[in-house]
Amino acid sequence: MTIVKKAKPVPPVKDIDTFIQAAPDAATKGPGVKKGNKVQISLTIDPAQLQRVDDMASELSMGRAGLINMAINNMLANGVSLARPKD
Amino acid sequence: MTIVVVGNTKGGVGKTTTAIELAIERARAGRRVLVVDGDRQATAQKAIAIRDEAGVLPAIACATYFDGPVLRSQVLTQKDLYDDIIIDAGGRDSTALRAAMSLADVLLVPFEPRSFEVWALEDIAALVDEVRSVRDGLRVYAFLNKAEPGVLSTDNRDAAEAVADFPQIEYLPKILRRRKAYSNAAGAGLSVTEVKVKDPKAIAELKALIAAVF
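Residues numbered from 1 in each chain as written. Chains lettered and ligands numbered in written order. Predicted model: local features only at pLDDT ≥ 70, side-chain atom pairs only at ≥ 80, totals over all residues. Heavy atoms only, no water.

1. A word on the overall build of chain A
Stage number 1. Summing up its helical and strand segments, chain A has three helices and two strands in all.
Stage number 2. Ordered by position from the N terminus, the helices and strands of chain A form the series α-β-β-α-α.
Stage number 3. Total accessible area on chain A is roughly 8,100 Å²; 58% of this is exposed by carbon and sulfur atoms. (Helix = DSSP H or I, 4+ residues; strand = E, 2+ residues; numbered from the N terminus. Areas by Shrake-Rupley, 256 points an atom, 1.4 Å probe, with all protein chains shown as cover.)

Take a look at the structure:
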């Protein structure tokens, strides 16, 4: 009896362009504009909220972007806190 | 019109040499031939340039496209101008190799009778599966290149039998053995039929391969 090997599942490919662009050397297009090792994004924010961010950054002698990045890092490391904001 | 891509995700298996030899022999048979170099090392292009500089006829048209989408659109644009298009796609998974596989009639996979080369057939077989999910009509042949001398070579026999593990690939029983004639000729932008000191065995092997592919 001939033993037939189990066929491997064929990875689904949508179309030829998707097949070609799946190669390791394909140019990857991510969101935002590349700035060195970082990506520049746009962010809309409530003006009052922005003022509070700037005030806190000033207190900590930090830049706005630095404080926002620190907050993002903190949130990603520790999760989102849903505690009521202080008055 | 036949589009043949000489491709393998494994490097060093003799893709460029094979592509050059096929292209020149087809041109010598009176076909209008375009060589497409899809390898960033552009070795095929250099070989054709050497042929041009030496003024050897027939002259072979050659274009180099490393970028897959560009290769695909350019080959589709130019295909009606030629009888045969031979694409040399570099020795790794690349957009150029994938683009060539997306439009070729034949994928010709040279492989050596060595363990690493046989293992690497799994990678090209996976790509064949993928491309066949989005297109029809691609014939895939593997043939032994740089094969061991001697018709009784167990390495050759074992490697040929290993292709049976990949139902996507048909083993083509046409062997190019390890001969200096191939590399010397291709390096000068020539076919083994054009060099001064001829190797009748190499010529016979090449002609048999061409007869099986086209």
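Further notes follow.
2. Considerations on the confidence of the model for chain B
Stage number 1. Per-residue pLDDT for chain B has a mean of 93; in total, 100% of the residues score no lower than 70.
Stage number 2. Of the two predicted TM-score estimates for the complex, the pTM is 0.77 and the ipTM is 0.86. (pLDDT = per-residue confidence, 0-100.)

3. Here's the deal with the sheet that holds strand 3 (residues 61-64) of chain B
Residues and elements named next belong to chain B.
Stage number 1. One open sheet accounts for seven strands, arranged 3-2-4-1-5-6-7; its pairing is parallel. Edge positions in the open sheet fall to strand 3 and strand 7 (170-171), since each of these has one partner strand only.
Stage number 2. Where strand 2 (residues 33-37) meets strand 4 (residues 84-89), five bridges bridge the pair, whose relative direction is parallel. Bridge assignment links Leu34 to a residue of strand 4, and that residue is Ile85.
Stage number 3. Across the sheet, helix 1 (residues 15-28) touches strand 1 (2-7), strand 2, strand 4, strand 5 (106-111) and strand 6 (139-144), and the angle it forms with strand 4 is around 170 degrees. (Pairing = 2+ DSSP bridges. Contact = heavy atoms within 4.5 Å. Axes fitted to C-alpha atoms, helices over the stretch in contact; angles between N-to-C directions.)

4. Let's talk about the interface of chain B and chain A
Stage number 1. Contacts between chain B and chain A engage 19 residues on the former and 16 residues on the latter.
Stage number 2. Taken as a group, Thr95, Arg98 and Val134 of chain B account for 36% of the area that chain B buries against chain A, more than any other trio of residues on that side.
Stage number 3. At the boundary of chain B and chain A, one finds one salt bridge.
Stage number 4. Ionic pairing is found between Asp25 of chain A and Arg40 of chain B, a salt bridge with its closest N-O pair at 3.9 Å.
Stage number 5. Those elements that provide at least two residues to the side of chain B that touches chain A are helix 3 (68-78), helix 4 (95-103) and helix 5 (115-132) of chain B.
Stage number 6. Broken down by element, the residue count for the side of chain B that touches chain A peaks at five residues, all from helix 5 of chain B. (Buried area = accessible area lost by both parts, 1.4 Å probe. Salt bridge = Lys/Arg side-chain N within 4 Å of Asp/Glu carboxyl O.)

5. Describing a nonpolar patch on the surface
Residue and element names in this part refer to chain A.
Stage number 1. A cluster of nonpolar side chains, namely Ile72, Met75, Leu76, Val80 and Leu82, defines an oily patch on the protein surface of about 560 Å² accessible area.
Stage number 2. You can see Met75 is positioned in helix 3 (residues 64-78).
Stage number 3. We classify Met75 as partly exposed; its relative accessible area is 37%. (Patch = residues over 30% accessible without salt bridge, like charges linked within 9 Å, V, L, I, M, F, W, Y side chains within 5 Å. Buried < 20%, exposed > 50% of the residue type's maximum accessible area, 1.4 Å probe, protein only.)

6. Details of the packing of helix 1 of chain B against helix 7 (residues 180-187) of chain B
Residue and element names in this part refer to chain B.
Stage number 1. Interhelical geometry of helix 1 versus helix 7 gives an angle of 70 degrees and a closest axis separation of 9 Å. As far as their axial angle goes, helix 7 and helix 1 are roughly perpendicular. For the pair helix 1 and helix 7, the contacting residues are Thr17, Ile20 and Glu21 in the first and Tyr182, Ala185 and Ala186 in the second.
Stage number 2. For the contact of helix 1 with helix 7, a count of residues per class yields four nonpolar, one polar and one charged. (Parallel < 35°, antiparallel > 145°, perpendicular 65-115°, else oblique. Nonpolar A, V, L, I, M, F, W, Y, C, P; charged D, E, K, R; others polar.)

7. Digging into the pattern of salt bridges
All names here are of chain B.
Stage number 1. Following the criterion strictly, the structure yields 20 salt bridges over all chains and no others.
Stage number 2. A salt bridge links Glu117 to Lys10; the shortest N-O distance between them is 3.7 Å. Taken together, the positions of Glu117 in helix 5 and Lys10 in the loop between strand 1 and helix 1 put the pair 107 residues apart, joining distant regions of the chain.
Stage number 3. Taking relative accessible area as the criterion, Glu117 reaches 9% and is therefore assigned buried.
Stage number 4. A relative accessible area of 24% means that Lys10 is categorised as partly exposed.
Stage number 5. In this structure, Lys207 engages Glu25 in a salt bridge whose closest nitrogen and oxygen atoms are separated by 3.8 Å.

8. Side note on helix 3 of chain B
Stage number 1. Every buried residue of helix 3 of chain B is listed here: Gly68, Leu71, Arg72, Val75 and Gln78 of chain B. Along the axis of helix 3 of chain B, the buried residues cluster in a sector spanning 150 degrees; they form a single face.
Stage number 2. On its buried face, helix 3 of chain B sits against helix 1 (16-21) of chain A together with strand 1, strand 2, strand 4 and helix 4 of chain B. (Arc of directions from axis to C-beta.)

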